[in-house]
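Architecture at a glance
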Amino acid sequence: MESAIQPPAAATRIQSREQVTRAIGLAAAGMLAVALVMVFVIAPSGDVRSGGEAQRIFYFHVSSAWLGFGAWLVTAFCGVRYLQTRDLRWDRRAHASAEIGVLFITLTLLSGMLWGRPTWNAWWTWDFKLTLSALQFLMYVAYLMLRGGIENPEQRARFASVYGIVGALTVPLNFLVSRVLQSIHPAVFGPSVNAAEQGGFGVSSERFVILLFCLATFTLIYVFLLRWRVRLLEREDELAARKAALIEAT
Amino acid sequence: MTILLSATNIGKLFGMRPVLRGVSLEIARGEFVAILGANGAGKTTLLRILATLARPSGGALTIGAVDALAHPDRARAFIGLVSHQSLIYPDLTARENLEFYGRMYGVGKQRPEGADQEPGSRGERVGRRVTDDELQPLVEDALRRVGLWNRRDDLARTFSRGMIQRLTIARAILHDPLLLLLDEPFTGLDQAAAANLSALLCEMAVRNRAVVMTTHELGRGLDGVTRALILKGGQITHELRDDITAGALIALMTEA
Amino acid sequence: MRLATRQIAAIVRKDILLELRTRESITAMAVFAVMAIVMFNFALRLRVDAFRPLTPGVLWVTLVFAGTLGLSRSMSSEQINQCMDGLLLAPCDRSVIFAGKAIANVIFTLAVGLLVVPVMAILFDETLMQPGVWLVVLLGVIGYAGAGTLIATMAASTRAREVFLPILLFPLALPLLVAAVIATSGFLDRLPLDEFVAWIGVECAFIVIFWTAGTLLFEYLVEG
């Protein structure tokens, strides 16, 4: 197990790591500005059935969904690495990724509702894709509650790793289920039976480029937040270690 | 003397707080070792690590010829543990409890007399075909040795604290372990039962097993102890081989 | 018998013996299940006239909810006097303990299923008593008990214990629930088998995933 108290020699390495994080943050902010222009100025507006101007939310909706589900896979991967190495750094990454995953899955749900209201005339339907997103949200909440319910950091890391892994194992089953069940949610890629009636729309090459740019932007925001949160968790652990050392000394 | 257990530089962190810092010890067959320490010195944690119930944060542990950190399942066949908790199902009878644990240990046949084949060798008693008929005499023997044979068909929940403790001991010696670990075993026993346990532990040592027990009571249960270790702040600070008396131990333990 | 088989059998036998003696787990599950069915009947019929389409859903939600009672009971019985340590001291791989506990949980949950299915068949006048439905119930229970044993072990060591079990387990069990409901509906509606046989496949996939995960990951939940 690593000692959380950093020797002075490591201080410069931490400093340079923090600088990289800041640089990523700046780059993400710049890209987000460009993305906003692309989405609201350059992108064509949708036809009436796909929500008109509201269709523009699609770019951020898909980008958040990508991270809302992807962040769990990062958590699961870090869980596997933690169980292999027993290095709490992996647990901090898993933890941070789950917290940020909550943010993005929440954005996914909210942006979907904002689009669904004018398009489907309902904030919420019990469509399977929507239900899956809600389920993913609940899984994050359960994961974070589990973490909150365990005192011992090492046991917490083990349990959280196991939950992250089994959670990821249900993903293929869930996708199988959502593929087979009828869905009114537009299938953006690939053929959809009655796409137009469902508010579907073709993704033209122009829209595709903008979508790719938004995906890259959101991913960079995720990386920035992850590094930032991991560093913060690291500091919390350092503090706990120093406190323990102080108590020990007295 | 054959070394039965060898622990090297065992460390254990609870979160950020070190509970054990570099404990090394070797236990040979025929030894009866007492580990003494104040509450919170790390005795229970050390014993749980030796019993393979807890994983050390660092260090190496060999039991018999088996690397107990890499293959704990094989090492466990050589270990018997009496812990703070009884590990007894209150809704099973004394006999049913022992039968269950006997099956879990694959207990069935007596180890051949002499019993000096190397503990690392497989098949000593693990993985053989055994039937319940062969289990019964062992259960009876264990219950008789702790004086519970006449209560064998009573539910464990009707037992007094001392009787539960005796049943716990019967559970731990049922598979005739080479290494018996006990965590404060004299707590809750009356005079007669304590004397009985003392005799049983000495007899284990004489039969070339090894016994390791923790205690914070300096007066009780030290008859027959061949070596005393003092654990303080997660480290073994003193070792006493001869002249293990309460007076000598108090002097060492209160030493700054 | 190989030692591992004997150990698994010993755990199952011990759990059955305890259950026969205390009757805590199956009784609680069964009473809860019947109560749930009665309450569903009241609550749902107030707005829906045709109750039959709801039968598969009611059946599975009832089994899933009742199952959590047995699962947490199965783990709390190992926590009295720290008996779990006794299991962990046995010379066996941790997966043996998982298998023993999970099989016992399958048996108990199945016992409740054996009661609930006929009760629902009578109360709702449904053709639930058919081999296809029994197969779906069997597979569903095996999958649920496998996932449940793993999660119940986890929940048992947290501060809030029982509270955590449904919170952690239900999101994972959802694909199983969906598959079981659709497969049960398929048999009740006498659809051609090839229209819903894939859902029985999803149940099987769930079993494979969670029994494998349980076997491999259980050790991380019980190490001290």
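Structural data are supplied above this passage.
About the cut-offs
Residues numbered from 1 in each chain as written. Chains lettered and ligands numbered in written order. Predicted model: local features only at pLDDT ≥ 70, side-chain atom pairs only at ≥ 80, totals over all residues. Heavy atoms only, no water. Helix = DSSP H or I, 4+ residues; strand = E, 2+ residues; numbered from the N terminus. Areas by Shrake-Rupley, 256 points an atom, 1.4 Å probe, with all protein chains shown as cover. 1 Å grid on protein atoms, 1.4 Å probe; cavity = no way out; pocket = protein on both sides within 12 Å on 5 of 7 lines; lining within 4 Å. Points joined across faces, edges and corners; volume = space filled by probe spheres on them. Nonpolar A, V, L, I, M, F, W, Y, C, P; charged D, E, K, R; others polar. Contact = heavy atoms within 4.5 Å. Buried area = accessible area lost by both parts, 1.4 Å probe. Salt bridge = Lys/Arg side-chain N within 4 Å of Asp/Glu carboxyl O. Polar contact = N/O pair within 3.5 Å; in protein donor to acceptor, adjacent residues only side chain to side chain. Pairing = 2+ DSSP bridges. Axes fitted to C-alpha atoms, helices over the stretch in contact; angles between N-to-C directions. Patch = residues over 30% accessible without salt bridge, like charges linked within 9 Å, V, L, I, M, F, W, Y side chains within 5 Å. Buried < 20%, exposed > 50% of the residue type's maximum accessible area, 1.4 Å probe, protein only. Phe/Tyr/Trp six-rings, centres within 6.5 Å; stacked < 30°, edge-to-face > 60°. Lys NZ or Arg CZ within 6 Å of the ring centre and 35° of its normal. Disulfide = S-S within 2.5 Å. Parallel < 35°, antiparallel > 145°, perpendicular 65-115°, else oblique. Left-handed = near helix turned anticlockwise from the far one by under 90°.

Helices and strands together make up the secondary structure of chain A, namely six helices and zero strands. On chain A, roughly 12,200 Å² of surface is accessible, and the fraction owed to carbon and sulfur atoms is 68%.

Below, the discussion takes up empty space enclosed by the protein. Residue and element names in this part refer to chain C. Across all of its chains, the model carries five cavities of 30 Å³ or more by this definition. Roughly 180 Å³ of volume is contained in the largest cavity. Every residue lining the largest cavity is counted, 16 residues in all, and those nearest its centre are L18, E19, T22, R73 and S77. Of all the secondary structure elements, the ones that give two or more residues to the lining of the largest cavity are α1 (3-22), α3 (55-79) and α5 (94-123). Across the lining of the largest cavity, the residue classes break down as five nonpolar, six polar and five charged.

On to the interface of chain A and chain C. Interfaces are often sized by the amount of accessible area the parts lose when they come together. Contact with chain A, which involves 29 residues of that partner, is made by 27 residues of chain C. Here chain A packs against chain C, burying approximately 2,600 Å² in sum over the two surfaces, 78% of which is carbon and sulfur. The interface formed by chain A and chain C includes three salt bridges. One salt bridge in this structure joins A:E151 and C:R159, with 3.7 Å as the shortest N-O distance. Connecting chain A to chain C are six residue pairs in polar contact (both at pLDDT 80 or more). Going through the elements one at a time, α4 (128-148) and α5 (153-180) of chain A are the ones with two or more residues in the side of chain A that touches chain C. When residues in the side of chain A that touches chain C are grouped by element, the largest group, 16 residues, is from α5(A). A per-class count over the side of chain A that touches chain C returns 19 nonpolar, six polar and four charged.

Residues and elements named next belong to chain B. Ordered by their spatial adjacency, six strands build an open sheet running β6-β7-β8-β3-β9-β10, and the pairing between neighbours is mixed. Looking at the sheet topology across the chains shown, the edges are occupied by β6 (79-82) and β10 (235-240). Each strand of the sheet is rotated relative to its neighbour by a mean of 20°, with strand direction disregarded. Sitting on the sheet, helix α5 (residues 161-173) touches β6 and β7 (179-183), and the angle it makes with β6 is about 170°. Relative to the sheet, helix α7 (residues 246-254) contacts β3 (32-36), β9 (227-232) and β10, its axis offset from that of β9 by approximately 25°.

On the chain B side, the residues contacting the 30 residues of chain C number 38 residues. Taking both sides of the interface into account, the surface hidden between chain C and chain B amounts to around 3,000 Å²; carbon and sulfur atoms contribute 60%. Per-residue buried area on chain C facing chain B is highest for C:R6, C:L89 and C:P91; these three make up 24% of the total on that side. Between the two partners, chain C and chain B, sit two salt bridges. Where B:E96 meets C:R21, a salt bridge forms, and the shortest distance between an N and an O atom there is 2.6 Å.

Moving on, we come to the sheet that holds strand β4 (residues 58-63) of chain B. Residue and element names in this part refer to chain B. The strand order β2-β1-β4-β5 describes an open sheet built from four strands, whose pairing is antiparallel. The open sheet terminates on both sides in strands that have one partner only, identified here as β2 (17-28) and β5 (66-67). Sheet strands in contact with helix α1 (residues 43-50) are β1 (3-14), β2 and β4, and its direction is about 125° off that of β1.

Together, A:L36, A:V37, A:F40, A:V41 and A:I42 make up a nonpolar patch on the protein surface, roughly 470 Å² of accessible area in all. The exposure class assigned to A:L36 is partly exposed, which follows from its relative accessible area of 36%.

The next point concerns the packing of aromatic side chains. Geometrically, a pair of aromatic rings is defined through the distance of the ring centres and the angle of the planes. Going through the model one piece at a time under the given rule, you end up with 16 aromatic pairs over all chains. Seen in terms of ring centroids, A:W72 and A:Y163 are 6.2 Å apart; in terms of plane orientation they differ by 75°. Their pairing is edge-to-face. Of the two residues, A:W72 sits in helix α2 (residues 57-85) while A:Y163 sits in helix α5, which places them 91 residues apart along the sequence. Every member of this aromatic cluster is reached through a ring pair, and the members are A:W72, A:Y140, A:Y143 and A:Y163. The cationic tip of B:R152 hangs over the ring face of B:W149; the distance from NZ or CZ to the ring centre is 4.2 Å. Here B:R171 stacks its cationic end above the ring of B:Y101, 4.6 Å away from the centre of that ring.

Attention now moves to the state of the cysteines. Per the counting criterion, the structure on display carries zero disulfides over all chains. C:C92 takes part in no disulfide bond, and the closest cysteine sulfur to it belongs to C:C83, at a distance of 15 Å.

All names here are of chain A. Contact geometry of helix α3 (residues 88-120) with α4 gives a least axis separation of 9 Å together with a crossing angle of 150°. It follows from the interaxial angle that α3 and α4 lie roughly antiparallel. Crossing handedness for the pair α3 and α4: left-handed. From α3, D91, A94, H95, A98, E99, G101, V102, I105, T106, L109 and W120 reach across to α4, where they touch L130, S133, A134, Q136, F137, Y140, Y143, L144 and R147.

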